[in-house]
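Descriptive analysis of the structure
If you want the building blocks of each chain, they are given just below.
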Amino acid sequence: MSALSALPPARRRIRARVEGVVQGVGFRPYVYRLAGDLGLGGFVRNDASGVVLEVEGDGSAIDRFLERLRTEAPPLASVERVMPEEIAAAGERGFAILESAPGLTPDALVSPDVAPCAACLAELDDPADRRYRYPFINCTDCGPRFTIVRGVPYDRPQTTMAGFRMCPPCQAEYDDPTDRRFHAQPNACPVCGPSVQLRDRTGRALALPPGQDAIRAAAAALIGGAIVAIKGVGGYHLACRADSEAAVSSLRRRKHREDRPFAMMVRDVSAARQLASVSAEEVGALTSRERPIVLCAQRPDAPVAPSVAPRSRELGLMLPYSPLHHLLLADAGVTLLMTSGNVSDEPIAFRDDELPRRLGTIADLHLVHDRPIETRTDDSVVRVTSTPQGDRVTAIRRSRGYVPGSLPMPMDSPPLLACGAQLKHTFCLARGRRAWVSHHIGDLQNAETHLSFVEGVAHWERLFAVQPEIVAHDLHPDYLSTAYALERPDVRLVGVQHHHAHLAACLAEHGDAGPALGAIFDGAGYGLDGNVWGGEFLLGGIGGVERVGHLWPVRLPGGDRAVLEPWRMACAWLVEATGRRPALPPSLAGAVEPRHWDAVAEMARSGFAAPVTTSVGRLFDAVAALAGLCPRVSYEGQAAVELEALVGGDEAAGYPLAVSNAPEGGMLRLDARETVLAVARDVAAGVSAGAVAARFHAALAEATAHACERLAARAGTWTAVLSGGVFQNQTLLRGTSLRLHRAGLRVLTPARLPPNDGGVSYGQAVVAARR
């Protein structure tokens, strides 16, 4: 052997910055173990931008370290970028995990809240384990994250667990790099961690008999028919037995929630299948670490109270997503209705001191705990959508479990805030190549929700170190989100048209800048002409759009009042279709007084207090009202939801719905006047509401696809975008997208973000950054 070959391998040292979701997910212990396996020295630490590490040793071992760093990362980690650089060797042979480094602009990605892992659930159910039945069990692979974070780096002092000092056994786990609770910031046990308490509606703690804990007592009360407020991960639920009509009806009355379907929590997939037809894709969504509410087709024999989801063919189901929920469902032994802890239209309650005031008249008992919630976060809602390319999970409400996961910006963005819309509100922050779309705020129609929006913006700006230079907003002058934007000092304001934001959000989500032809259908959006748009065909991309078509314009008698009283839109469409005052249809005779009908008809004819609208959402209202459904509604979109629920499985021959050229500028128009007349004739002739619904859906899908084909061919683009809240309608979405696919168009629809106004803020951010 030569003297040269006997020399030890050359030592190298590198410093690497790792960006992505790498804090609070077991990444540093993973780096520690990986370095140990490869015999490398150095250190790893958190800082405000993610993780920084240095490793030293044999050059080939360092190469293997870098190869494995991304591919073998922990399940909750998401490594976006590794940036290594060679530095001088220091002779270091041991490896250490150092305290987090201060300084730098916070840029670390915070993990969403994660459902309990299998290992923690096994300990939860093990009588021999010291955390047996401990409702706050967690480790680096699971547990609360975003809802307890107060700042970054993600360390215990920067969370709501800062006030709980770990006992020696917990501290030993926390300090041991080989333990799965190493640096698990919420780590705790019954000796040192948060605890649960059962209180009456006034907030007084209840004395429990020996051998009964608060969760067992709450479960017993639920079994007996009580309504219980339960503090979860992102706020309070209101719960009761899902199979008790008396309990469910009582909850509806107390909560002032007349018709909107409730969600339910089931113990496991087997229990879900007793209530609904659950596909493999839906099982995947139910059991995912995000644990959203999944909309599934209801079984005819489902053992649930009729008032859980009246006149709906779907049930919203979720699995337990915290240890407390697991214990409660096991103790109760029945499926529980779980709805947000609030009076309808208010944000979810999440602070303990507000509980007696906000939920004291609704809940009989309060199951509370003393781990503070920093950010209120509603449950997410998804459904599995059938597309020509296959089934996929689509967001309906993006919140707990997904937020604050970032989305890509298609271009470098200055610090930016997009204020969103009015209903199903979210806001969005952007900086560089990342955007953060907020949790679901709600409808900005009262002071409580507006305050939640304002506080949320302030918290997110601190958390992600975004001091906006640009503030984007909707064009509607009366939106509270617009008013907030206009009050921000020292910023550049960018107004973004509502339907352009829908189109841009979908394009950017799919990594496309346009051009594309967008069919954007919803209830309302402020148009460039000052009218209420909502049935729009837009040609263009992120940088700008041209309106190339729309639904036939009609009057909106009484403005916003017509949204709550769909019979008004039935009247307005009949006026538009006949040119005269129509007679009160028999299907509405018992719901509307003739004098009110005549007054609204005159409003529609004269235009007094009746702005012009092209809203497809309001067309659905008109058809539903004519069919005898929902002359009045208690929640936005109710008429369309109940109309779709009546559609059978067989394809129906559609009503006539013309696609014609408008006199102004060669625009196309969907002319639904004859459609509405055909609906009225069928209803008068005794045709079932289900047949009417099927024919209407088929007509609208056919006409929309035909208009898209004509406009796309004229423009020379073969990408179509279907978005807006109306396209939550699966029958319409499936029928339209299938026809477009057959015609050779590439069809894009929202997936990670909702098609409704929950995605508007991201679209505003993208448009504003491009401008």
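The numbering scheme is per chain: residues are counted from 1 as the chain's sequence reads. With pLDDT at 70 or above as the cut-off, local features in this predicted model cover only qualifying residues; side-chain atom pairs require 80 or more to be listed or tallied, and sums for whole chains, interfaces and linings still use all residues. Excluding hydrogens and water, the side-chain values take into account all heavy atoms of the structure.

What follows covers the layout of surface pockets. One number sums up the size of the second largest pocket: a volume of about 570 Å³. Lining the second largest pocket are 29 residues, and of these Glu290, Gly401, Tyr402, Gly405 and Arg752 sit closest to its centre. What counts as a helix is a DSSP run of H or I of at least four residues, what counts as a strand is a run of E of at least two, and both are numbered from the N terminus. Mapped onto the lining of the second largest pocket, the elements with two or more residues apiece are strand 4 (78–87) and strand 16 (390–397). It is strand 16 that contributes the most residues to the lining of the second largest pocket, 4 residues altogether. Across the lining of the second largest pocket, the residue classes tally to 14 nonpolar, 8 polar and 7 charged. Detection works on a 1 Å grid of protein atoms alone, calling trapped sets that fit a 1.4 Å probe cavities and calling open sets with protein on both sides within 12 Å along at least five of seven lines pockets, with lining residues defined by an atom within 4 Å of a point. Grid points are joined across faces, edges and corners, and a volume is the space filled by probe spheres set on the points. Residues are sorted three ways: Asp, Glu, Lys and Arg are charged, Ala, Val, Leu, Ile, Met, Phe, Trp, Tyr, Cys and Pro are nonpolar, and all the rest, Gly among them, are polar.

The subject of this paragraph is unusual backbone geometry. Following valine 403, the chain continues into proline 404 via a peptide bond in cis, with omega recorded as 15°. For proline 404, the position within the fold is in the loop between strand 16 and strand 17 (407–418). Of note, arginine 133 is a non-glycine position whose phi angle comes to about 60°, a positive value. Along the polypeptide, arginine 133 turns up in the loop between helix 3 (118–124) and helix 4 (168–175). Judged by relative accessible area, which is 13%, arginine 133 ranks as buried. Positive phi, normally seen in glycine, also occurs at lysine 424, with a value near 45°. Inspection of the secondary structure assignment puts lysine 424 in the loop between strand 17 and strand 18 (428–437). Relative accessibility decides the category of a residue: with a 1.4 Å probe and only protein chains considered, values under 20% of the type maximum give buried, values over 50% give exposed, and everything between is partly exposed.

Whenever strands of a sheet pair, they do so through backbone hydrogen bonds, lying parallel or antiparallel. Whether two strands pair depends on DSSP finding at least two bridges between them. Spatially, the 4 strands line up as an open sheet ordered 18-17-19-20, and their pairing is mixed. The strands lining the two open edges of the sheet, one partner per strand, are strand 18 and strand 20 (492–496). Each adjacent strand pair in this sheet contributes to an overall mean axis angle of 60°, direction not counted. Where strand 19 (residues 470–474) lies against strand 20, 5 bridges are found, and the strand directions are parallel. Within strand 20, the position partnered with aspartate 474 by the bridge is valine 496. Contacts are assigned to residue pairs that have any heavy atoms within 4.5 Å of one another. To obtain an axis, a line is fitted to C-alpha atoms, over the contacting stretch when the element is a helix, and the angle between two such axes runs from 0 to 180 degrees between their N-to-C directions. Those strands touched by helix 12 (residues 480–487) are strand 17, strand 19 and strand 20, and its axis lies near 155° from that of strand 19.

Here we come to helix 22 (residues 760–770). Within helix 22, 10 of the 11 residues are buried, which leaves the element mostly enclosed by the surrounding structure. Where helix 22 is concerned, the buried positions are Val760, Ser761, Tyr762, Gly763, Gln764, Ala765, Val766, Val767, Ala768 and Ala769. Tucked inside the fold, the buried residues of helix 22 contact strand 17, strand 18, strand 19, strand 20 and helix 13 (498–509).

Further remarks concern the pattern of salt bridges. The rule for a salt bridge is simple: a side-chain nitrogen of Lys or Arg has to be within 4 Å of a carboxyl oxygen of Asp or Glu. For the structure on display, the rule yields 52 salt bridges. The partner of glutamate 346 in a salt bridge is arginine 358, with the nearest N and O atoms 3.3 Å apart. Here glutamate 346, found in the loop between strand 13 (336–340) and helix 10 (355–359), pairs with arginine 358, found in helix 10; they are 12 residues apart in sequence, far enough to count as distant. Arginine 695 is paired through a salt bridge with aspartate 682; the nearest N and O atoms lie 2.6 Å apart. Pair noted here: arginine 695 is in helix 20 (residues 689–715) and aspartate 682 is in helix 19 (residues 673–684), with a separation of 13 residues, a long-range link.

Turning to the environment of histidine 237, a few remarks are in order. For histidine 237, the location among the structural elements is in strand 8 (residues 236–241). Relative accessible area serves as the criterion here: at 3%, histidine 237 is assigned to the buried category. A sequence separation of 101 residues divides histidine 237 from methionine 338, and the C-alpha atoms of the two residues are 5.9 Å apart. Once residues lying within four places of it in the same chain are set aside, the contact partners of histidine 237 are Val228, Ala229, Ile230, Met318, Tyr321, His325, Met338, Thr339, Gly341 and Asp379. Within the structure, histidine 237 has its side chain in polar contact with the side chain of aspartate 379 (distance 2.7 Å). N or O atoms within 3.5 Å of each other form a polar contact, as long as, within protein, one can give a hydrogen and the other can take it, and as long as residues adjacent in sequence are counted only when both atoms are side-chain atoms.

Turning next to empty space enclosed by the protein. Scanning the entire structure with this criterion turns up 5 cavities of 30 Å³ or more. Size it by volume and the largest cavity reaches roughly 200 Å³. The wall of the largest cavity is formed by 24 residues, among which Val233, Tyr321, Ser322, Pro323 and Arg371 lie closest to the centre. Of the residues belonging to the lining of the largest cavity, the class tally is 12 nonpolar, 5 polar and 7 charged.

Helix 18 (residues 638–645) packs onto helix 17 (residues 616–626) with a crossing angle of 60° between their chain directions and a minimal axis gap of 8 Å. Here helix 17 is positioned oblique relative to helix 18, judged by the angle of their axes. Of the two possible hands of crossing, helix 17 and helix 18 adopt the one that is left-handed. Together, Phe620, Asp621, Val623 and Ala624 of helix 17 and Ala639, Ala640 and Leu643 of helix 18 make up the contact between the two elements. Orientation is classified from the angle alone, with under 35 degrees giving roughly parallel, over 145 giving roughly antiparallel, 65 to 115 giving roughly perpendicular, and any other angle giving oblique. Two helices crossing with the near one rotated counterclockwise from the far one by less than a right angle form a left-handed crossing, whereas a clockwise rotation gives a right-handed crossing.

It is worth spelling out the packing of aromatic side chains at this point. Stacked, tilted and edge-to-face pairs are distinguished by plane angle, under 30 degrees for stacked and over 60 for edge-to-face with tilted covering the rest, among Phe, Tyr and Trp rings (Trp via its six-membered ring) whose centres lie within 6.5 Å. For the coordinates displayed, the defined rule picks out 13 aromatic pairs. Geometrically, the ring pair formed by tyrosine 32 and phenylalanine 95 is edge-to-face, given 6.2 Å between the ring centres and 70° between the ring planes. One end of the pair, tyrosine 32, is in helix 1 (residues 27–37); the other, phenylalanine 95, is in strand 5 (residues 95–97), and 63 residues separate them in sequence. Seen in terms of ring centroids, phenylalanine 453 and tyrosine 484 are 4.9 Å apart; in terms of plane orientation they differ by 65°. Their pairing is edge-to-face. Here tyrosine 484 lies in helix 12 and phenylalanine 453 lies in helix 11 (residues 447–463), a separation of 31 residues in the sequence. In this pair, the class of phenylalanine 453 matches that of tyrosine 484, namely buried. Taken together, Phe146, Phe427, Trp436, Phe453, Trp460, Phe464 and Tyr484 form an aromatic cluster joined through their ring pairs. A cation over an aromatic ring shows up here: arginine 547 above the ring of tryptophan 533, its NZ or CZ 3.9 Å from the ring centre. By definition, being over a ring means that NZ of Lys or CZ of Arg is both within 6 Å of the ring centre and within 35 degrees of the ring normal. We note arginine 669 situated over the ring of tryptophan 552; from NZ or CZ to the ring centre the distance is 4.1 Å.

Before going further, it helps to examine the side chain of histidine 326. Here histidine 326 shows up in helix 9 (residues 323–332). Relative accessible area serves as the criterion here: at 19%, histidine 326 is assigned to the buried category. Those residues in contact with histidine 326 that lie beyond four places of it in its chain are Pro116, Leu121, Leu124 and Pro320.

One open sheet holds the 5 strands; their spatial order is 4-1-3-2-5, and the pairing between them is mixed. Each end of this open sheet is capped by a strand with a single partner; those strands are strand 4 and strand 5. Mean inter-strand twist for the sheet, computed between neighbouring axes without regard to direction, equals 15°. Taken together, the 3 bridges between strand 2 (residues 41–47) and strand 5 define a ladder with parallel strand orientation. Across the sheet, the residue bridging to phenylalanine 43 is alanine 96, located in strand 5. Seen against the sheet, helix 1 touches strand 1 (11–21), strand 2, strand 3 (50–58), strand 4 and strand 5 and runs at an angle of roughly 175° to strand 5. Strands strand 1, strand 3 and strand 4 of the sheet are contacted by helix 2 (residues 59–71), whose axis makes an angle of about 150° with strand 3.

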